[in-house]
Every structure is written in C-alpha cells, then in structure tokens.
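# Per-entry structural report
What follows is each chain in one-letter form.
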Amino acid sequence: MSRLLSRAVWHSAACLAALVLAAVPSSTPMAAAEFVMKFGTATFNESQHQYIKFYKEVVEKRSDGRIEVGIYPRSELGPIPRMIDGLQLGTIEAYIGPADFYVGVDPRFGVLSTPMLFKNNDHASATVLDPELNEYLLGLGEPKGLVGLGTFGLGASNYAAKSPILRLADFSGKKLRVNATAMEREKMRRLGATAVPMPLNEVLPALQRGVIDGTMSGTSVFVAFKFNDVVKTITVTNDTMLVSLAMTSKVWLDKLPADLRKIVIDAGRETQVQTHTWEQEFSKSLEKTWQEMGGQMRTLPPEDLAKMSDMLKSVGDDVSSDQPAVVDLLKKVRAVAAKH
C-alpha cells in the first residue's frame, strides 16, 4: 500500500513539474517581427486579395519572420484615396488596386484605362508584364513616394445597372460610377452617360439609394460584393481592361535594412506572375458563380459593339493631346502591346 502511495505521490510531483516547466517561457522564444507591413485593398476574395496572400507567404518566409505582412481587404484601412495618401505619408506600408486610382499621384497612370487599348485580359497582362514596360510602370510613382511591387491584368471593366444595358443606346442618361480617370469620364460622355468617380466601398450603398444608376467594374467585384441584391445583369463589352498595381511606401521601405528591402521588392515581382496565372483560372469560374447567384451575363449586339469601338478608339489620343508625358506613355504601351 505504501509503495502504491509513493508511486502516486511521485506521479503527481512529476505532473506538477511538467506544468510548471510549460508555464515558464522558453529561453529561445520565437522572435517578434521587426517590421509590420499593413497591406490594404478595397476588394476581397479575388485576384488583388490573392496577390496579398501570395505576397505574405513569400515575404514572411524569406525574411524568417522579420517582416510580418498584415492583410486588410474590403477597405479596412480606409477608402482607396486615403490608403494611397497613407502610402505617401508612410502610415500604410502597401496597397493594391486598379492603376486608375493613382492618377492623383501621376496622370500617366490613367493610360492603362484607355479604351480599346487591349484585346482582352491576357493581352493586358502580357503587355504590363513585358520586361520592357514592367519596370517602367513600377517605377512611375517613386518620385511621389510610391514604389511599385507588381502589376497584372484584372479582367474587363464590365457594366452593371439597375436598368440593364442591353443596347448601346441604353447608356444614354445613366449615371455610372467610374474609378477616377479623364479617360473614363470622356468614355462615358461619348456613350451619353454621366461619369461619377467613387471609391469601391461607396458603390453598393449609392446604388441602393439611387445616387447612381450603375457602375463599371470587374465581374469578380460584382460577385464578391453580392451586387445581385441590386442588379441582375452584367454587360460585357471588353472595351476597357482593368490593370492592377501594387505599391509600397517609399517612406517605410527606406527604413528597412538592405537585405529586407530586396526581399520586399523581389517578392512583388514574383507574385505578379503567380497572381496572373491564378487569375486566368479564377476568371473562368466567375460567370458560372454569377449565374448561380441569380444573375445573367449579356453582351451588346455585334453592330453595337462595332459602333462602340468607333466611338471610343480615339479617346486616349484626344484626352492626352495636351499632356506630353501621358502621350509618351500611351505610345510606349501601344508599342509593347503590339508585340503581343
């Protein structure tokens, strides 16, 4: 009996010792990140959100955890203009969104939303990923404090309106949300609609309240934000492709040691290619998903598409005619696009 009691006491003491040891911090704890990189976007569950996920994995692994990447979709860091302001001030470390929204930093970013510039999304990606153009685009914002990480095509800028756009004439009189560029405003004017620049987080409430009649955007946004609660028809015209651009803050980047700066930049270049490949497969599922949500995809009749092309093909040249720097970039993009 005493032997059993001794064993029980020994077992209890051993368990208590194990609990005490478990409660004592390890002499070699996992090091906390030296730098935190808040990475924001206005979208979620689509290619831009996925870019950040890929990027986080690469950066944290290669930096051995010295950089922690925080993912903030759905404008959790604020509306798009405020996130871009944050990049320039250094209060936000990274942001990804359509190049259109950077026109306040440099009007040349608006070139990428020129109507009739690209044939389709793959053509847009092939153009902006071309080495001749890629580094140029990613360096465009550096004088204003924005260092490019990556760029790729996001898909066509389609149309969704409460009153469906089924013919070219249906654009007439509609107030349609656009991103931010002079190219888009001129396009709307030629189509007989009114352009309403607006950050993405404000679009659905504006549709619900009747502030706008419809919006331009990629199909992935209509699906992810459940626009089917307000609109049922997406009209595909392929007149303008969306190009996404990821940027990091130069103020923040300059604080990093050289080895980490290299990791931050190199990871962005790799992730742009990885995300383009992912986007190609992802986009194939969007039409089916939209239809499962009760929506439908429509296109304009061939004669309307031809007329639309004629109306819009000179927008880029006409809008940029008094801006030599914009003209130069437009010519450069067209030259690279012609190679693909």
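Preceding block: the structure.
Residues numbered from 1 in each chain as written. Predicted model: local features only at pLDDT ≥ 70, side-chain atom pairs only at ≥ 80, totals over all residues. Heavy atoms only, no water.

## Some details on the overall build of the protein
Worth spelling out the cut-off: The helix and strand labels rest on DSSP assignments: H or I over at least four residues marks a helix, E over at least two residues marks a strand, and numbering proceeds from the N terminus. Categorising residues by exposure relies on relative accessible area from a 1.4 Å probe, with only protein chains included: less than 20% of the type maximum marks a residue as buried, more than 50% marks it as exposed, and the intermediate range marks it as partly exposed. Whether two residues touch is decided by their heavy atoms; if any such pair falls within 4.5 Å, the residues are in contact. His is not counted, nor are the chain ends, whereas Lys and Arg count as positive and Asp and Glu as negative. A single reference atom marks each charge: NZ on Lys, CZ on Arg, CG on Asp, CD on Glu.
Secondary structure summary: the protein contains 13 helices and 11 strands in total. Principal axes of the C-alpha set define a box for the protein whose edges measure 100 × 45 × 35 Å. Across the 340 residues in the protein, those meeting the buried criterion constitute 52%. Here the contacts in the protein between residues at least 6 apart in sequence split such that 76% fall between residues at least 24 apart. Both charge centroids of the protein, one from 39 positive and one from 38 negative side chains, sit 3 Å from each other.

## Some details on the pairing of strand E6 (residues 175-178)
As a reminder of what qualifies: Following DSSP output, two strands are said to pair if at least two bridges run between them. By convention, a crossover is right-handed whenever its connection, traced from the first strand over the helix to the second and viewed with the strands pointing away, goes clockwise.
As judged from the 4 bridges shared by E6 and strand E7 (residues 194-197), these two strands associate in the parallel manner. Directly across from leucine 176, in E7, lies its bridge partner alanine 195. The handedness of the E6 to E7 crossover, carried by helix H6 (residues 182-191), is right-handed. Sheet analysis places E6 next to strand E8 (residues 214-217), joined by 2 bridges and oriented parallel. Each bridged residue has a counterpart across the sheet, and for arginine 177 the counterpart in E8 is threonine 215.

## Regarding the pattern of salt bridges
When charged atoms on two side chains of opposite charge get close, those side chains can pair. Let me state the cut-off plainly: By definition, a salt bridge exists where a carboxyl oxygen of Asp or Glu is found within 4 Å of a side-chain nitrogen of Lys or Arg.
In the structure shown here, the tally under the stated rule is 21 salt bridges. A salt bridge links arginine 190 to glutamate 186; the shortest N-O distance between them is 2.7 Å. You can see arginine 190 and its partner glutamate 186 sitting in helix H6, 4 residues apart, about one turn around the helix. A salt bridge links aspartate 266 to lysine 262; the nearest nitrogen and oxygen atoms lie 2.5 Å apart. Pair noted here: aspartate 266 and lysine 262 are both in helix H10 (residues 258-292), with a separation of 4 residues, about one helical turn.

## Regarding the packing of H6 against helix H11 (residues 302-312)
This is how it is decided: Geometry is summarised by axes, namely lines fitted to C-alpha atoms with helices restricted to the contacting stretch, and by angles between N-to-C directions that run from 0 to 180 degrees. If an angle is under 35 degrees, it is roughly parallel; if it is over 145, roughly antiparallel; if it lies from 65 to 115, roughly perpendicular; otherwise it is oblique. If you view the pair so one helix is near and one far, a crossing is left-handed when the near helix is turned anticlockwise from the far one by less than a right angle, and right-handed when it is turned clockwise. Note on residue categories: nonpolar means Ala, Val, Leu, Ile, Met, Phe, Trp, Tyr, Cys or Pro, charged means Asp, Glu, Lys or Arg, and polar means any other residue, Gly included.
It is at 10 Å that the axes of H6 and H11 come closest, and there the two elements cross at 130°. Between H6 and H11, the interaxial angle falls into the category oblique. Between H6 and H11 lies a crossing of right-handed hand. On the side of H6, the interface is formed by Lys187, Arg190 and Leu191, while H11 contributes Met308, Met311 and Leu312. Partitioned by chemical class, the residues of the contact of H6 with H11 number 4 nonpolar, no polar and 2 charged.

## With respect to helix H2 (residues 47-62)
Where we set the bar: To estimate how far a helix should reach, multiply one less than its number of residues by 1.5 Å. What qualifies as a polar contact is a pair of N or O atoms within 3.5 Å, subject to a donor-acceptor requirement within protein and to the restriction that residues adjacent in sequence count only when both atoms come from side chains.
Taking 1.5 Å per residue as the helical rise, H2 with its 16 residues ought to reach 22 Å, and the 22 Å between its terminal C-alpha atoms agrees with that figure. Among the residues making up H2, those that are buried are Ser47, Gln48, His49, Gln50, Tyr51, Ile52, Phe54, Tyr55, Val58 and Val59. The inward-facing, buried residues of H2 contact strand E1 (35-40), strand E2 (67-72), strand E3 (94-98), strand E4 (146-156), strand E10 (241-249) and H10. The opening residue of H2 is glutamate 46, an N-cap whose side-chain oxygen sits 3.1 Å from the backbone nitrogen of glutamine 48.

## Here we look at the sheet that holds E3
The sheet built from 5 strands is open, its strands ordered E2-E1-E3-E10-E4 with mixed pairing. Both outer strands of the open sheet, E2 and E4, are each paired with one neighbouring strand and no more. Strand-to-strand twist in this sheet, taken as the mean axis angle between neighbours without regard to direction, amounts to 20°. Relative to E10, E3 is paired through 5 bridges, and the arrangement is antiparallel. Among the inter-strand pairings, glycine 97 is bridged to a residue of E10, identified as leucine 245. Across the sheet, helix H5 (residues 131-138) lies against E4 and E10, angled at about 120° from E4, the strand it touches most. Of the strands in this sheet, E1, E2 and E4 touch H10, which is tilted by about 5° from E4.

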